[in-house]
Amino acid sequence: MIDLVPARPTAPILVVDDDPKIVALVRTYLERERYPVVTAGDGRAALRAIAEHRPRLVVLDLMLPEVDGMTVIRRARADGDVPILVLSARSAVGDRVLGLSEGADDYLPKPFSPAELVARVRTILRRTERSPDDDPTVVYALADLELDAARHWVTVDGSEVALSALELRLLRALLDADGRVLGRDQLLDALYGQAEGDVTDRAIDVYVKRLREKLGDDPEAPRYVATVRGAGYRAAGPVERRSERESQPS
């Protein structure tokens, strides 16, 4: 098991690739932006580096010796929430969707533009490293599910459910809509912003499926996320909100 605690903004970015030239290229461009960088040349070393360095982000190739990249994603996701940017020559749509379904935050096919890679790194870090003050201290309640926005904490029937940062954003977007149907394009904008044109709307179905599995939600009789055929998704019932600040004594 990888024993992880949240990364600090001063934590390094981990670059994982078995091609030393790609590692050197990515490292050079990231360090130009003053990001500290550590590297690994295979999947087993990557898992050790994640546990040791608690990186703020992982740039990960999929075709790795020792332990393949998909396994690295699964194990990292099982034990923590480090953001992962996949950088892979496997550029088919099916491979991208598979990588995202396993928990990657973004997928950049090879050959790639180093400038685009840096831009995507900035976008992921901006999304995932928001201060608690950036979000209102709102607790959402839907049936027996609660989402504490400030603490990024979800419970179902009182038990904590470990969601990735992307899954939390997806769930919050649906709860914020309070029963309104959100189309796949709207949900993509909520997750990535309009600049992220390389992620297809098909990925939303994968994200929703993974979110439902973690919440224990049955799509045929949903309690939390309902499908609206041909339109998108919505919260499956009335959503209540309360402010933690309002409930605190002055």
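These notes cover the structure that comes with them. All values derive from a computational prediction rather than experimental measurement.

Reading the values: rules and limits
- Residues numbered from 1 in each chain as written.
- Predicted model: local features only at pLDDT ≥ 70, side-chain atom pairs only at ≥ 80, totals over all residues.
- Heavy atoms only, no water.
- Salt bridge = Lys/Arg side-chain N within 4 Å of Asp/Glu carboxyl O.
- Helix = DSSP H or I, 4+ residues; strand = E, 2+ residues; numbered from the N terminus.
- Buried < 20%, exposed > 50% of the residue type's maximum accessible area, 1.4 Å probe, protein only.
- Pairing = 2+ DSSP bridges.
- Axes fitted to C-alpha atoms, helices over the stretch in contact; angles between N-to-C directions.
- Contact = heavy atoms within 4.5 Å.

1. Topic: the pattern of salt bridges
Oppositely charged side chains can pair when the atoms bearing their charge come close.
Part 1 of the argument: Counted by the stated rule, this structure contains 17 salt bridges.
Part 2 of the argument: With a shortest N-O distance of 3.5 Å, E66 and R44 are connected by a salt bridge. With E66 in the loop between β3 (57-60) and α3 (69-79) and R44 in helix α2 (residues 43-53), the pair connects residues that are 22 residues apart, well separated along the chain.
Part 3 of the argument: On the basis of relative accessibility, which here comes to 57%, the residue E66 falls in the exposed class.
Part 4 of the argument: Its relative accessible area of 41% is what places R44 among the partly exposed residues.
Part 5 of the argument: The salt bridge partner of R241 is D178, with a shortest N-O separation of 3.8 Å. Highlighted residues: R241 in strand β12 (residues 240-243) and D178 in the loop between α6 (165-177) and α7 (184-192), separated in sequence by 63 residues.
Part 6 of the argument: Residue D178 is classed as partly exposed on the basis of its relative accessible area, which comes to 39%.

2. Digging into the sheet that holds strand β2 (residues 37-40)
Part 1 of the argument: Pairing is parallel across the open sheet formed by 5 strands, whose spatial order is β2-β1-β3-β4-β5. Each having just a single partner strand, β2 and β5 (106-109) make up the two edges of the open sheet. Ignoring which end each strand starts from, the neighbouring axes of this sheet average 20° apart.
Part 2 of the argument: Direction of pairing for β3 relative to strand β4 (residues 84-88): parallel, over a ladder of 3 bridges. The residue of β4 that forms the bridge with V59 is L85.
Part 3 of the argument: Relative to β2, helix α1 (residues 20-32) is tilted by about 170°, and along the sheet it contacts β1 (13-16), β2 and β4.
Part 4 of the argument: Helix α5 (residues 114-128) contacts β1, β3, β4 and β5 of the sheet and is inclined by roughly 180° relative to β5.

These figures capture arrangement, not role.
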